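Chain and residue survey
The primary structure of each chain is shown beneath.
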Amino acid sequence: AVWCPLSPTNAQTTQLPVESPWRLAVLWDRVTLTCQGSGTAGATTWYRDRKLWRQEGCDRFTVTESGTYTCDRPGSGISPPVRVLNDQLVLQVPARALLEGNMVTLHCWG
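Quick caveat, the model's predicted, so the values are computed rather than measured.

Take the state of the cysteines next. Going through the model one piece at a time under the given rule, you end up with one disulfide. There is a disulfide in this structure between C35 and C71, and the S-S distance comes to 2.0 Å. Measuring the twist about the S-S bond at about 85°, one finds the C35-C71 disulfide to be right-handed. Taken together, the positions of C35 in the loop between β2 (32–34) and β3 (44–48) and C71 in strand β6 (residues 67–73) put the pair 36 residues apart, joining distant regions of the chain. Of the two residues examined, C35 and C71, each falls in the buried class.

This is the structure in structure tokens:
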């Protein structure tokens, strides 16, 4: 049996937020994707690298493989893509908006 936690239902279109303070998602950050939308909960279809990956699955999971992910919920459509990397060298910048003159912390992982 698979337990699927409930997802928020107040979004009008399907969204795929990434729970990470960094703009670029990498596997070692333990990236969690949550498919949110006004469509039918529990009827989520997942795609990885534009191919059908999981059908009628959970609305939330932790990514274990690199790739470009989208989700589809009947009634609210396909989400924008989220790219998750597992490269040998990755430069991460904060997910928040940056302005010229701001101090910024960069993460270089290798």
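A few words on the environment of L85. In this structure, L85 sits in strand β8 (residues 82–85). L85 sits 60 residues away from A25 along the chain, and the two C-alpha atoms are 6.3 Å apart.

In a soluble, globular protein the nonpolar side chains are often hidden away together inside. Ranked by size, the top nonpolar core spans 13 residues in total, and within it L16, L33, W46, V63, Y69 and V84 carry the most contacts. Secondary-structure elements contributing two or more residues to this core are β6 and β8. The contacts of Y69, once residues within four sequence positions are left out, are L16, L33, Y47, R48, W53, F61, V63, P80, P81, V82 and V84.

What follows deals with a nonpolar patch on the surface. Together, L91, L98, V104 and L106 make up a nonpolar patch on the protein surface, roughly 330 Å² of accessible area in all. Looking at where L91 falls in the secondary structure, it is placed in strand β9 (residues 90–92).

Each regular strand shows side chains that alternate between the opposite faces of the sheet. Two elements, strand β1 (residues 25–26) and β8, share two bridges in a ladder whose sense is parallel. Following the sheet pairing, V26 is matched in β8 by L85. Pairing of β6 with β8, which is carried by three bridges, proceeds in the antiparallel orientation. Directly across from Y69, in β8, lies its bridge partner V82.

The next point concerns the confidence of the model for the protein chain. Summarising the model, the protein chain shows a mean pLDDT of 77, and 78% of its residues fall at 70 or more. Ignoring residues within four places in sequence, the model shows residues 1–11, a span with pLDDT below 50, making 18 contacts including any to other chains.

This part covers the packing of aromatic side chains. Inspection of the entire model under this criterion finds four aromatic pairs. By the ring-pair criterion, three or more aromatic residues cluster together here, those being W46, W53, F61 and Y69. The residue whose ring lies beneath R54 is W53, and the NZ or CZ to ring-centre distance is 4.3 Å. It is R54 that lies over the ring of F61; its NZ or CZ is 4.8 Å from the centre.

Once that is clear, we can look at the environment of Y47. Mapped onto the elements of the fold, Y47 is located in strand β3. Since its relative accessible area comes to 22%, Y47 is described here as partly exposed. Considered as a pair, Y47 and C71 are 24 residues apart in the sequence and their alpha carbons are 6.1 Å apart. For Y47, the contacting residues outside a window of four places in its chain are L52, W53, T68, Y69, T70 and D72.

Conventions used here
- Residues numbered from 1 in each chain as written.
- Predicted model: local features only at pLDDT ≥ 70, side-chain atom pairs only at ≥ 80, totals over all residues.
- Heavy atoms only, no water.
- Disulfide = S-S within 2.5 Å.
- Helix = DSSP H or I, 4+ residues; strand = E, 2+ residues; numbered from the N terminus.
- Buried < 20%, exposed > 50% of the residue type's maximum accessible area, 1.4 Å probe, protein only.
- Core = buried A, V, L, I, M, F, W, Y, C linked by side-chain atoms within 4.5 Å.
- Contact = heavy atoms within 4.5 Å.
- Patch = residues over 30% accessible without salt bridge, like charges linked within 9 Å, V, L, I, M, F, W, Y side chains within 5 Å.
- Areas by Shrake-Rupley, 256 points an atom, 1.4 Å probe, with all protein chains shown as cover.
- Salt bridge = Lys/Arg side-chain N within 4 Å of Asp/Glu carboxyl O.
- Pairing = 2+ DSSP bridges.
- pLDDT = per-residue confidence, 0-100.
- Phe/Tyr/Trp six-rings, centres within 6.5 Å; stacked < 30°, edge-to-face > 60°.
- Lys NZ or Arg CZ within 6 Å of the ring centre and 35° of its normal.

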